[in-house]
Amino acid sequence: MPDHHARRVRRDRAVHAAVSQGLLDPDETPVAAFVDVTGIAETARELRAAWPAELDVLHSFAAKANPLVPVLALLLEHGLGCEVSSPGELAQARAAGFPAGRTVLDSPAKSRRELVDALTSGIALNIDNFEELERVDRLIADGLPARRLGVRINPQVGIGSIEAMSTAGRTTKFGIALADPGNRDRLLRAYAARPWLRWVHVHVGSQGIPLELNADGVAEAVAFAQQVNALRPGQVEGVDIGGGLPVDFTGDEDTPTFADHVAVLRRAAPELFSGAFRVVTEYGRSILAKNGFIASRVEYTKYTGGRAIALTHAGAQVAARTVFAPDAWPLRVLAYDRHGLPSGAELEVQDVAGPCCFAGDLLARERKLPKLGTEDVVVVPDTGAYYFSSPFQYNSLPMPPVFGFEIADGSDGADGSDTEVVSFRVFRRAETLDELVARSGTL
Ligand SMILES: *Cc1c(COP(=O)(O)O)cnc(C)c1O
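Residues numbered from 1 in each chain as written. Predicted model: local features only at pLDDT ≥ 70, side-chain atom pairs only at ≥ 80, totals over all residues. Heavy atoms only, no water.

Undergrad: Looking at this structure, I do not really get the side chain of T383. What am I missing?
TA: Checked against the element boundaries, T383 lands in the loop between β16 (377–380) and β17 (402–411). In this structure T383 touches A289, G292, F293, I294, L331 and F388, once residues within four positions along its chain are discounted. (Helix = DSSP H or I, 4+ residues; strand = E, 2+ residues; numbered from the N terminus. Contact = heavy atoms within 4.5 Å.)

Undergrad: Just checking my understanding: could you explain the site of the ligand for this structure?
TA: Close contacts around the ligand come from 14 residues, with K64, G244, E282, R285 and Y386 the closest. Here an oxygen atom of the ligand and a side-chain polar atom of K64 are 2.8 Å apart. The separation between a nitrogen atom of the ligand and a polar side-chain atom of E282 is 2.6 Å. The residue inventory of the shell around the ligand, partitioned by class, reads three nonpolar, five polar and six charged. (Near = heavy atom within 4 Å. Polar contact = N/O pair within 3.5 Å; in protein donor to acceptor, adjacent residues only side chain to side chain. Nonpolar A, V, L, I, M, F, W, Y, C, P; charged D, E, K, R; others polar.)

Undergrad: What exactly am I supposed to notice about the UniProt feature "domain: Orn/DAP/Arg decarboxylase 2 N-terminal" (unreviewed entry) in the protein chain here?
TA: Under the UniProt annotation, the feature "domain: Orn/DAP/Arg decarboxylase 2 N-terminal" (unreviewed entry) is placed at residues 49–288. For residues 49–288, helix accounts for 38% and strand for 16%, while the C-alpha atoms at its two ends are 17 Å apart. (UniProt positions renumbered as here; feature names shortened; annotations may be inferred.)

Undergrad: Please clarify how the pattern of salt bridges should be interpreted in this entry.
TA: Opposite charge on two side chains permits them to pair, given that their charged atoms come into close proximity. According to the stated counting rule, one finds 19 salt bridges in the structure shown. Between R94 and D117 there is a salt bridge, and its shortest N-O distance comes to 2.9 Å. With R94 in helix α4 (residues 87–96) and D117 in helix α5 (residues 112–121), the pair connects residues that are 23 residues apart, well separated along the chain. Residues joined by salt bridges that share partners form a network here, namely R11, D252, K290, R332 and D382. (Salt bridge = Lys/Arg side-chain N within 4 Å of Asp/Glu carboxyl O.)

Undergrad: Help me understand the domain arrangement of the protein chain, please; the structure alone is not making it clear to me.
TA: By a frequent convention, interface size equals the accessible area lost on bringing the separate parts together. When the domains of the protein chain are assigned, the result is domain 1 (38–289) and domain 2 (290–438). On a C-alpha basis, the centroid separation for the pair domain 1 and domain 2 is 33 Å. Facing 27 residues of domain 1, the contacting portion of domain 2 comprises 22 residues. The junction of domain 1 with domain 2 conceals about 2000 Å² of combined surface from both sides, 57% of it contributed by carbon and sulfur atoms. On the domain 1 side of the interface with domain 2, the three residues burying the most area are L68, F249 and A289, jointly 30% of the side's total. Our count for the contact surface shared by domain 1 and domain 2 stands at one salt bridge. The salt bridge partner of R332 is D252, with a shortest N-O separation of 2.9 Å. Summed over the shared surface of domain 1 and domain 2, the number is 15 residue pairs in polar contact (both at pLDDT 80 or more). (Domains from an automatic or database assignment. Buried area = accessible area lost by both parts, 1.4 Å probe.)

Undergrad: Whenever I open this one, a nonpolar patch on the surface confuses me. Can you help?
TA: Residues F324, F392 and Y394 make up a contiguous nonpolar surface patch of about 270 Å² in total accessible area. Residue position: F392 is located in the loop between β16 and β17. Judged by its relative accessible area of 31%, F392 is partly exposed. (Patch = residues over 30% accessible without salt bridge, like charges linked within 9 Å, V, L, I, M, F, W, Y side chains within 5 Å. Areas by Shrake-Rupley, 256 points an atom, 1.4 Å probe, with all protein chains shown as cover. Buried < 20%, exposed > 50% of the residue type's maximum accessible area, 1.4 Å probe, protein only.)

Undergrad: What is the right way to read the packing of helix α8 (residues 211–231) against helix α9 (residues 258–268) from this model?
TA: What describes two packed helices is the angle between their axes and the distance between those same axes. Contact geometry for α8 and α9: axes closest at 9 Å, N-to-C directions at 50 degrees. The orientation of α8 with respect to α9, classified from their angle, is oblique. As α8 packs across α9, the resulting crossing turns out to be right-handed. Between α8 and α9, the residues in contact are L211, E212, N214, A215, V218 and A219 and D260, H261, V264, L265 and A268, respectively. Across the contact of α8 with α9, the residue classes break down as seven nonpolar, two polar and two charged. (Axes fitted to C-alpha atoms, helices over the stretch in contact; angles between N-to-C directions. Parallel < 35°, antiparallel > 145°, perpendicular 65-115°, else oblique. Left-handed = near helix turned anticlockwise from the far one by under 90°.)

Undergrad: Please clarify how the packing of helix α3 (residues 69–77) against α4 should be interpreted in this entry.
TA: Contact pair α3 / α4: the axes reach a minimum separation of 8 Å and the direction vectors enclose 60 degrees. What the angle tells us is that α3 and α4 run oblique. Between α3 and α4 lies a crossing whose hand is right-handed. For the pair α3 and α4, contact is made by V69, L72, A73 and L76 and by Q92, A93, A95 and A96, respectively.

And the structure:
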């Protein structure tokens, strides 16, 4: 089990050190994001330990959750693979050093160029639909190698609490719908005609999907793989079970854990653990969410209609989902004083607002927090996935810097006392206004 208390302590020390070291300068850098390098190592270790060692498993991190190249490189270092869904994500995975054999490409709309690239370089490819399958047929007929090919099925097991994140509804856009009339037989014939189709892929959804629903979808994929193999023994060599382990945004605990997921999968799809199949996983949010946070200085405070409002620099540009769908994506907000120490101010109900010019740009509404003041620091934990790493360009707000941090315990040697050093490494420089203008069109 990862140490949740240790994670909180690391965060507190990082905030304090970031303020002391000038990384959250009120004038120069009022908003920045931070990645817990030790936390990533612990999470990767926990993930690997949750799956039986005797199984052939590749944990391919879903790059869209946090495609920062230094983050991807860390995950590679800790033994993970990478799942990508666009040419941009593939380029980021390659820049991080992922070899083709540890890379998986999924996307519902792969261009011919993407398919040629994946086939030529030997990246695992999951085909989304019958038309894509025919396109791949032609490329293989033209002489491209068929190395790691599978088909994504839609098990149509149902949706979770966030419809936009659910990928196994009756009419969801992803994969081949297995329960639609005729599709199962058509797909079985497709496998029979193509001995190079050797994988089955499923991804039931992201966040809001109960573990049991996720496992039902995986069970459908495993059952389909077995159905193919009953007709053509050994053809399907692996099942890619996707991601979607939900994250608890209400506290520092990882619940459910990877081990919880494995336990539910064992019950619903025991054949996945029989050794008959290789396994690929595509966890994203559950690997990174709790290993990153956003910190912003409070610029101003005021009262409006009796409501206390703190105006910060963290809004829709770094937390688009929470701002636009606050009920589906609530986040905690933690108050620190201007020195970066946990605030001891009296509690007050406040709105925590971002810098964007629309009224809904709020990270928290009517939240009871220590009373915030100018230059205090607000920290938004659990934002390591799908937040600052996929910024939104509204109001031409530049991308904030991202720092990886590590804490070294050591002796200063002089008097034998222990000193603690938080070291920061730039993962992404703050975007400059020149860079921003450069991506704003050409004259
Ligand atoms: C988004 C996505 C994932 C990752 O989902 P998480 O909820 O972040 O774990 C995995 N596989 C596919 C195909 C995806 O689209």
